[in-house]
Amino acid sequence: MNMERNQSLWGDAWQRLKKNRIAMACLSLVVLFTVLAVYGEVLYRYHDIKDTTPAYQNTDLDMAFKAPSSKHWMGTDGLGRDVMARLVQGVSIAYKVGIITSLIAIPIGVFFGCIAGYFGGKVDDFVVWLYSTFASMPGLLFILAIAMVVGKGLLGIYLGIGLTTWVGICRLMRGEVIKHKGQTYVLAAQALGLSSGRIIFRHILPNVMHVIIVTFTLRFPAAVGTEVFLSFLGIGVQDQPSWGLMINSARMRLWQGIWWEMTFVTLAVFLLVLAFNLLGDALRDALDPRLND
Amino acid sequence: MTTADNILEVQNLSVHFGHGDETVKAVDDVSFVVGHGETLALVGESGSGKSISALSITKLTPRAARFEGGQVMFGGQNMLSLSDRELRGIRGSQISYIFQEPMVSFNPVYTIGWQIEEALKLHRKGIDRKVEISHLLDLVYLPDRLATAYPHQMSGGQLQRCMIAMALACSPELLVADEPTTALDVTVQREILNLLAELSKKVNLSVLMITHNFGIVSDLADHVCVMKKGKIVEEGQTRQVLDDPQHDYTKQLMAAVPRLHPAKGGGVSPMK
Ligand SMILES: Nc1ncnc2c1ncn2[C@@H]1O[C@H](COP(=O)(O)OP(=O)(O)OP(=O)(O)O)[C@@H](O)[C@H]1O
Ligand SMILES: [Mg+2]
């Protein structure tokens, strides 16, 4: 029964989304990135199990810092590794960081924001206290502390970023829910005898979905940016190429005229973020029946 | 009057907002009853506490409201002492509401059919909901196809009909209508009122009707209560109150509101 209800909301949205050319183009791009991410992940695991060196780790010092050519379309880096192979491999980490941290942060933020906004009173006081406490801790220190506990590497990054960045969405959701709680349709739902949980998550949440979608799309650049920083500090990704590591090393070579690594990685980040943002906007519009007649 | 005659008895109800000097006595020692199958009209100027009284019946009042005393007897129970869960079981199934502005009373992201279904799912298990939805739309003279329409695609009058359909979905015993026609065009007001009158007769529904409009009072109500600043200043049989208002405030209110059909019904025209 739940499925059936979802279908009317999301099914209708999909019908509307299909008519939007730009959205479809962005969706294709997102699908492409997703395929690359899966490919990269599989490749990494495969070589990890077989204990072999994947192509993106092949070093060839004679080939260091070669400009783009027919053999290396995006050139090579300081160890003669193919930039394109590493870039493709990096999609997987950018994705994992963007998505997994969102999967941690967004549900926490949405849940606390919704109950604080809807119930008010003591619940609200508690949630506001909780996020104020989190917000007052320097995020980086918190991430470092988590990395100490769970060890270096991706898990630390996921937990660190995820557990520190729910505050923003929590604040936004709380405000939105407070706004909607006063509306007559919520009173009408209460007058029908619906439970608070159902009113919050079935009736109010779809009306504030745009906040979640926009937050999600904006998290990607931020998460990738944080990953760059953490990898730079040495608590991030260790044995795989990540966009963070690539930008970091390319940054120092840029003045030597080695532009390709920086250019292509930046372009990739740009495309990923653009695709998610435009798609997010279109999805938000598609989810609002009022905008579609 | 004994409880057996009345579906609802509100006794000495007081609902306040704020504390200390700032206290607003929105409802101040108010008592009224709604008889089985009867319509009680609650009239009064803006801010006189009509809506808060109506919402108090099932404790739908805003969080800031404080119940300072009194009882709301319905079905042999004091509604004010029921748990949240018990109240939810009564809301929508035994007591339904219709609000002033149909345009904002529906959730904008769901179809009308979905929202009617929501009520059925909750209080009426084991029926064919699709069939019931089209039956309900028939009841309020709307075509079935509107079940798949979104609220913004419909007119205010159509939406108020849907609201009535939704309110009646679970065959309530008491309908609380808070100014159900104020936001509508004059011509549409008449249609909606006729519909309400027709349906309440058909299913022997008791109605608590809140209104500014003495035309509505004279056409629909059996009894009337006049509220001012949280208190009831005059009450009685509709005919009696309209023919011979005792309180100056009632006379002012009657003079202030033009009747819909001054010629109809033989009631006293407030214009005199
Ligand atoms: N959330 C609230 N917080 C504080 N005071 C409130 C709140 N809601 C209502 N009141 C007060 O309660 C009083 C009665 O309000 P109510 O809504 O019952 O008036 P009403 O008779 O329905 O008026 P109208 O005809 O304009 O709908 C008003 O004086 C108002 O100031
Ligand atoms: Mg009111």
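Chain B is annotated in an unreviewed UniProt entry as Oligopeptide transport ATP-binding protein OppD of Pontiella sulfatireligans. Annotation of chain B in UniProt includes, under Sequence similarities (unreviewed entry), the sentence "Belongs to the ABC transporter superfamily." Per UniProt, the comment on chain B under Subcellular location (unreviewed entry) is "Cell inner membrane".

In the nomenclature of an unreviewed UniProt entry, chain A is known as Dipeptide transport system permease protein DppC of Pontiella sulfatireligans. The UniProt entry for chain A carries the following text under Subcellular location (unreviewed entry): "Cell membrane".

Enquirer: What exactly am I supposed to notice about the environment of Val10 of chain B here?
Expert: All names here are of chain B. Mapping Val10 onto the fold places it in strand E1 (residues 6–17). For the pair Val10 and Lys201, spaced 191 residues apart in sequence, the C-alpha to C-alpha distance is 23 Å. The residues contacting Val10, other than those within four sequence positions of it, are Val30, Ser31, Phe32, Gln71 and Val72.

Enquirer: How do you make sense of the interface of chain B and chain A when you look at a structure like this?
Expert: By convention, interface size is frequently given as the accessible area that disappears when the constituent parts associate. Contacts between the two partners involve 30 residues from chain B, matched on the other side by 27 residues from chain A. Surface buried jointly by chain B and chain A totals about 2600 Å² across both partners, of which 60% is contributed by carbon and sulfur atoms. Joining chain B to chain A, the criterion identifies one salt bridge. Here Arg198 of chain A and Glu118 of chain B are joined by a salt bridge, their closest N and O atoms 2.9 Å apart. Those elements giving two or more residues to the side of chain B that touches chain A turn out to be strand E6 (95–98), helix H3 (102–105), helix H4 (112–123), helix H5 (129–139) and helix H6 (156–168) of chain B. Residue contributions to the side of chain B that touches chain A peak at seven residues, all from H4 of chain B. Taken together, the residues of the side of chain B that touches chain A break down into 16 nonpolar, seven polar and seven charged.

Enquirer: Just checking my understanding: could you explain the nonpolar core for this structure?
Expert: Most often, soluble globular proteins have nonpolar side chains that are buried together. In this structure, Met173 and Trp243 of chain A together with Leu8, Ile95, Tyr97, Ile116 and Ile164 of chain B are the most contacted members of the largest nonpolar core, which totals 139 residues. With 13 residues, helix H12 (residues 260–286) of chain A is the single largest residue contributor to this core. When residues of this core are sorted by domain, at least three fall in each of domain 1 (6–94 + 175–255) and domain 2 (107–169) of chain B. Once you skip the residues sitting within four places of it in the chain, Met173 of chain A turns out to touch Gly109, Val110, Gly113, Cys114, Leu205, Val208, Val211 and Ile212 of chain A.

Enquirer: What is the right way to read the domain arrangement of chain B from this model?
Expert: All names here are of chain B. Each domain of chain B was delimited in the assignment, giving domain 1 (6–94 + 175–255) and domain 2 (107–169). Using C-alpha coordinates to define each centre, domain 1 is positioned 25 Å away from domain 2. Counting the surface lost from both domain 1 and domain 2, the interface buries some 1100 Å², and carbon and sulfur atoms represent 72% of this. Broken down residue by residue, the surface that domain 1 buries against domain 2 is led by Ile192, Leu195 and Leu199, which jointly contribute 38%.

Enquirer: When you look at the site of ligand 1 in this model, what are you seeing that I'm missing?
Expert: Residue and element names in this part refer to chain B. Every one of the 13 residues lining ligand 1 counts as a neighbour, but Ser46, Gly47, Lys50, Ser51 and Ile52 are closest to it. In isolation ligand 1 exposes 630 Å². Once the protein is present, 65% of that is buried. For the shell around ligand 1, the element with the highest residue contribution is helix H1 (residues 50–56), accounting for three residues. Here the shell around ligand 1 is composed, by residue class, of four nonpolar, six polar and three charged.

Enquirer: What am I meant to see in the environment of Phe74 of chain B here?
Expert: Residue and element names in this part refer to chain B. With respect to the helices and strands, the residue Phe74 is situated in strand E4 (residues 66–74). Overall, the relative accessible area of 2% leaves Phe74 in the buried class. Residues Phe74 and Glu9 lie 65 residues apart in sequence; the distance between their C-alpha atoms is 6.7 Å. The contacts of Phe74, once residues within four sequence positions are left out, are Ile7, Leu8, Met79, Ile90, Gln94, Ile95, Glu173 and Leu174.

Enquirer: Even after reading the chapter, I still don't get the sheet that holds E4 of chain B, so can you show me in this structure?
Expert: Sheets are built from strands that pair by backbone hydrogen bonding, the pairs being arranged parallel or antiparallel. All names here are of chain B. Overall, antiparallel pairing links the four strands, which are arranged E2-E1-E4-E5 in an open sheet. In this open sheet, the two strands that pair with only one neighbour each are strand E2 (24–35) and strand E5 (77–78). As paired strands, E1 and E2 are joined by eight bridges and run antiparallel to one another. The residue of E2 that forms the bridge with Phe17 is Val24.

The rules behind the values
All chains use their own residue numbering, which begins from 1 and follows the written sequence. As a convention, the first chain written is A and the first ligand written is 1, with the rest following in written order. With the structure being a predicted model, the display of local features is reserved for residues of pLDDT at least 70 and the display and counting of side-chain atom pairs for 80 or more, all residues being used for whole-chain, interface and lining totals. The basis for every side-chain value is the complete set of heavy atoms in the structure, and neither hydrogens nor water enter the calculation. UniProt positions are given in the numbering used here, feature names are shortened, and annotations may be inferred rather than shown by experiment. In DSSP terms, a helix is any run of H or I states spanning at least four residues, a strand is any run of E spanning at least two, and both are numbered starting from the N terminus. Contacts are assigned to residue pairs with any non-hydrogen atoms lying within 4.5 Å of each other. Accessible surface is computed with a 1.4 Å probe, and the buried area is the amount of it that two parts give up when combined, taken over both parts together. Definition used for salt bridges: Asp or Glu carboxyl oxygen within 4 Å of a side-chain nitrogen of Lys or Arg. Note that Gly is not counted as nonpolar here; it falls among the polar residues with everything else outside the nonpolar set of Ala, Val, Leu, Ile, Met, Phe, Trp, Tyr, Cys and Pro and the charged set of Asp, Glu, Lys and Arg. Residues enter a nonpolar core if they are buried and are Ala, Val, Leu, Ile, Met, Phe, Trp, Tyr or Cys, with the set joined through side-chain atoms within 4.5 Å. Relative accessible area decides the class of each residue, using a 1.4 Å probe on protein chains only: under 20% of the type maximum gives buried, over 50% gives exposed, and in between gives partly exposed. Source of the domain bounds: an automatic or database domain assignment. Any residue with a heavy atom positioned within 4 Å of a molecule or strand is treated as near that molecule or strand. Only the protein chains shown count as cover for residues, with accessible areas throughout obtained via the Shrake-Rupley method and a probe of 1.4 Å. In this analysis, strands are considered paired if DSSP registers two or more bridges between them.

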